[in-house]
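Below are the chains, spelled out letter by letter.
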Amino acid sequence: METQTITQEIGETTAATQPVSKELSGSEALLEALIVEGVDTIFGYPGGAIMPIYDALYDYSEKLNHILVRHEQGGIHAGQGYARTSGKVGVVFATSGPGATNLVTGLADAQIDSTPLVCITGQVFAHLLGTDAFQETDVINITTPITKWNYQVTDATEIPEVIAKAFYIARSGRPGPVLIDITKNAQIQKFQFEGYTPCNHIRSYRPKPIVRPQYIQQAAELINNAKKPFIIWGQGVILGSAEKEFKAFVEKSGIPAAWTILGAGAIPTDHPQNVGMLGMHGNYGPNVLTNECDVLIAIGMRFDDRVTGRLDKYAKQAKVIHLDIDPAEIDKNVKSTVPVWGDCKETIPMLTQLVEQRQHTEWLNTFNEYTRKEVEQVIHEELNPSTEEMTMGEVIKHLNELTNGDAVIVTDVGQHQMVACRYAKFNNTRSNVTSGGLGTMGFALPAAIGAKFGAQQRDVVAIIGDGGFQMTLQELGTIMQTGINVKIVILNNRFLGMVRQWQELFNQRRYSFVDIQSPDFVTVAKGYGIAGKSISDRSELEGSLKEMLAHDGSFLLEVFVTKENNVFPMVPQGCSVAEIRLK
């Protein structure tokens, strides 16, 4: 009954294999499905309830590359990094109970950052469900709020249709994580496998809303009549593979454009109309001038609180045009004057066709004037410090010079993240990999491993703080075993820096449990067979970065930076974006 229902819901499909009836186990059927879906890499950790799948995987090792991580959270973050750089669906395996619950943080992170994942968890035998069996956890109810879709398979015959649906849901529309929980009996059960057919339609699911041309026309009219229009864009441009279309729109309209951290790289950092980063630690001009523009064009972004500051003081003077594929984001936080539902790959060219060729030179110069003020009061000293101790910003500056803005930069969460996002140069899309909405410490090291597997032709550099690194440093073992080439830069300020900054600014320097001690990171790396170096003198910085980048294999570089440096500009919590502080 359940199988019939699922098959009916999936509806139309596109045949990818000629139906060939053969007897397979549920585990083998799963692996056959992954191959047809184009999966080449799996991140996982075996255990009792998923053992039949791993036994089947033994015979598929030439077709599916399985990466043995050191913790399931590391596995799912690696899957995220892989998805973010490759544009494909990340695939993760974990066992039941603690294996499945260890995926929860990564699922929540992927859900809020719209990262396509298919996570396969093993589960106890169907007849044991609900008995508190060994390593039984109700992973479906646990993960329902943090997945785009989840489903428990108890019969092997369901597997082809459910996996097809899982990949379609994960990658279509606004992407997100899907979890499929497969009981052990379904993994073992033999059935007649009739071939695998990917899914391209589900009756009850519309991944792309219907584009309404009248709204495109209204948006174009507002833009053409605007004196001070301003584009703010997010990751939706990248997820929609609409970078070329977006660049054409920006250049034809002549409008200044600023980015959320997940949108960085959609157009190059040094594009003349790219005026910088939005948000709490974003650039001065984009924040202040949000409250002076007359038309605000938001593309593929969701007006997160870190971008808007106080909503009752956010862009109240402006007409708002909001382009988004997810109708739930329209009017959720900021009321739009013109809502433009649809895939931006489709809607942006329609809008470009209708907007007039313009040059907003005077308005763009206003942004440039704010940039000059920020350079004078913040940026110059951060990148060219007069202090004896090094700053995070100067490390990023030298890294930019050596990589020419072509590297993938993976960051953890904290001060180093904001500094890297502010100052890293990105010439290419899918180059900035970070935990945006959830802010997950421990993200960077495993995500960098996955990012490298997803973009093996590119240099991948992980920028990590001394606190976040210690949350997932066991994944050095994954680097050791796979031999993957990831460069690791630890910016060590001997503090949980972002929390310390808030305690300094808003809690009268009452430093409560932020003074963190760390091991000798170079010695730890050496134990995993990874070369490393630790420096505290500016004279060693450039040479050490060159050594790291030139090294054949992974390399860990620890850089001791000033302990109590703060990240500015900053929009204090509860304030308007126009109240951004330069110091």
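Residues numbered from 1 in each chain as written. Predicted model: local features only at pLDDT ≥ 70, side-chain atom pairs only at ≥ 80, totals over all residues. Heavy atoms only, no water.

Peer 1: Hey, could you go over the overall build of the protein chain for me, with residue numbers and the actual values?
Peer 2: Helices and strands together make up the secondary structure of the protein chain, namely 24 helices and 20 strands. For 583 residues, the compact-globule estimate of 2.2 N^0.38 gives 25 Å, and the C-alpha radius of gyration of the protein chain, at 24 Å, lies within 12% of that figure. Taken along the three principal axes of its C-alpha coordinates, the protein chain extends 70 × 65 × 40 Å. A burial count over the protein chain gives 58% of its 583 residues as buried. The contacts in the protein chain between residues at least 6 apart in sequence include a share of 78% that link residues at least 24 apart. Each charge sign in the protein chain was given a centre, from 50 positive and 65 negative side chains, and these centres are 6 Å apart. (Helix = DSSP H or I, 4+ residues; strand = E, 2+ residues; numbered from the N terminus. Rg over C-alpha atoms; globule rule 2.2 N^0.38 Å. Buried < 20%, exposed > 50% of the residue type's maximum accessible area, 1.4 Å probe, protein only. Contact = heavy atoms within 4.5 Å. Lys, Arg positive; Asp, Glu negative; His and termini not counted. Charge placed at Lys NZ, Arg CZ, Asp CG, Glu CD.)

Peer 1: Lay out the pattern of salt bridges in plain terms, naming residues and giving numbers.
Peer 2: Pairing between side chains of opposite charge can happen when the charged atoms of each approach one another. Summed over all chains, the structure comprises 23 salt bridges. Of the charged contacts, one joins R174 and D326 as a salt bridge, the two residues approaching to 2.9 Å between their closest N and O atoms. Highlighted residues: R174 in the loop between α8 (159–171) and β7 (177–183) and D326 in the loop between β13 (319–324) and β14 (338–341), separated in sequence by 152 residues. For D326, a relative accessible area of 18% corresponds to the buried category. Across the pair E394 and R538 runs a salt bridge whose closest N-O atoms are separated by 2.9 Å. On the criterion of sequence distance, the pair formed by E394 in helix α17 (residues 392–403) and R538 in the loop between β19 (531–535) and α24 (541–550) is long-range, its members being 144 residues apart. Taking the relative accessible area as the measure of exposure, E394 reaches 3% and is therefore buried. One network of salt bridges, in which partners are shared, links R174, D326, E329 and K332. (Salt bridge = Lys/Arg side-chain N within 4 Å of Asp/Glu carboxyl O.)

Peer 1: Tell me about the packing of α17 against helix α18 (residues 415–423), and please be specific about residues and values.
Peer 2: Their axes nearest at 9 Å, the elements α17 and α18 cross at an angle of 40°. In terms of orientation, α17 and α18 fall into the oblique class. In this structure, the crossing between α17 and α18 has a hand that is right-handed. Contacts between α17 and α18 involve M392, G393, I396 and N400 on the former and, on the latter, Q415, H416, V419, A420 and Y423. Of the residues assigned to the contact of α17 with α18, the class counts are 5 nonpolar, 4 polar and no charged. (Axes fitted to C-alpha atoms, helices over the stretch in contact; angles between N-to-C directions. Parallel < 35°, antiparallel > 145°, perpendicular 65-115°, else oblique. Left-handed = near helix turned anticlockwise from the far one by under 90°. Nonpolar A, V, L, I, M, F, W, Y, C, P; charged D, E, K, R; others polar.)

Peer 1: Let's hear about the packing of aromatic side chains: which residues, and what values?
Peer 2: Going through the model one piece at a time under the given rule, you end up with 15 aromatic pairs. Note on Y168 and Y205: the rings are 5.8 Å apart at their centroids and 85° apart in plane angle, and the pair reads as edge-to-face. Taken together, the residues Y168 in helix α8 and Y205 in the loop between β8 (190–193) and α10 (213–225) connect sequence positions 37 residues apart. Residue Y168 is classed as buried on the basis of its relative accessible area of 12%. Grouped by ring-pair contacts, the aromatic residues F43, Y82 and F453 constitute a single cluster. Lying over the aromatic face of F495, R500 brings its terminal NZ or CZ to 5.8 Å of the ring centre. (Phe/Tyr/Trp six-rings, centres within 6.5 Å; stacked < 30°, edge-to-face > 60°. Lys NZ or Arg CZ within 6 Å of the ring centre and 35° of its normal.)

Peer 1: Summarise the sheet that holds strand β16 (residues 432–433); cite the residues concerned and give the values.
Peer 2: With parallel pairing, the 6 strands of this open sheet are ordered in space as β16-β15-β17-β18-β20-β19. Taken across any chain shown, the strands that pair with only one partner, and hence form the sheet edges, are β16 and β19. (Pairing = 2+ DSSP bridges.)

Peer 1: Tell me about helix α16 (residues 361–383), residues and numbers included.
Peer 2: When the terminal C-alpha atoms of α16 are compared, their 28 Å separation across 23 residues is substantially less than the 33 Å that a helix rising 1.5 Å per residue should span. Of all the bends in α16, the greatest, near 55°, is centred on V375. Taken together, the buried positions of α16 are occupied by W363, L364, F367, Y370, E374, V378, I379, E382 and L383. The secondary structure elements touched by the buried residues of α16 are β9 (229–233), β11 (274–277), α13 (284–290), α17 and α18. (Expected span 1.5 Å × (residues − 1). Bend = angle between axes of the 7 residues up to and from the residue.)

Peer 1: Can you lay out the packing of helix α12 (residues 243–253) against helix α15 (residues 344–354) for me, pointing to particular residues and giving the numbers?
Peer 2: One way to put it is that α12 packs onto α15 with a least axis distance of 9 Å and a crossing angle of 25°. When the axis of α12 is compared with that of α15, the two are roughly parallel. Note on packing geometry: the crossing formed by α12 with α15 is left-handed. Only K345, I348, P349, L351, T352 and Q353 of α15 make contact with α12, whose side of the interface consists of E245, F246, A248, F249 and K252.

Peer 1: Describe the environment of Q481, listing the residues and the values that go with them.
Peer 2: Along the polypeptide, Q481 turns up in helix α21 (residues 476–482). When its relative accessible area of 52% is taken as the criterion, Q481 is described as exposed. Along the chain, Q481 and I50 lie 431 residues apart, while their C-alpha atoms are 22 Å from each other. Among residues more than four places away in sequence, those in contact with Q481 are L68 and R70.

Peer 1: So what about the environment of A525? Which residues, and what values?
Peer 2: Considering the arrangement of structural elements, one finds A525 in helix α23 (residues 521–527). A C-alpha to C-alpha distance of 32 Å links A525 and I112, two positions 413 residues apart in sequence. Residues within four places of A525 in sequence aside, it is in contact with L476, I530 and L556.

Peer 1: I'd like to hear about the side chain of S96, residue by residue, with values.
Peer 2: Counting through the fold element by element, S96 comes out in the loop between β4 (90–94) and α5 (98–101). Classification of S96 as buried rests on a relative accessible area of 1%. In terms of polar contacts, S96 uses its side chain to reach the backbone carbonyl oxygen of Q135, at 2.8 Å. Those residues within four positions of S96 in sequence are excluded, and the remaining contacts are A49, G122, Q123 and Q135. (Polar contact = N/O pair within 3.5 Å; in protein donor to acceptor, adjacent residues only side chain to side chain.)

Peer 1: Go over the nonpolar core, please, and point to the residues and values.
Peer 2: L296, I299 and V559 are the most contacted members of the largest nonpolar core, which has 96 residues in total. Of the residues forming this core, the biggest block, 7 residues, is contributed by α16. If you look at the next biggest cluster of nonpolar residues, it comprises 43 residues, including Y54, L57, Y60 and V118. (Core = buried A, V, L, I, M, F, W, Y, C linked by side-chain atoms within 4.5 Å.)

Peer 1: A description of the sheet that holds strand β2 (residues 41–44) should follow, citing residues and the corresponding values.
Peer 2: Taken in spatial order, the 6 strands make up an open sheet running β3-β2-β4-β5-β7-β6, and their pairing is parallel. The open sheet has two free edges, formed respectively by β3 (65–68) and β6 (149–153), since each of these has just one partner strand. Here the average twist between neighbouring strands, direction ignored, is 20°. In terms of strand pairing, β2 meets β3 through 4 bridges, oriented parallel. Its bridge partner lying in β3, I42 is registered against H66. Packed onto the sheet, helix α2 (residues 26–36) meets β2, β4, β5 (117–123) and β7 and runs at close to 165° relative to β4.

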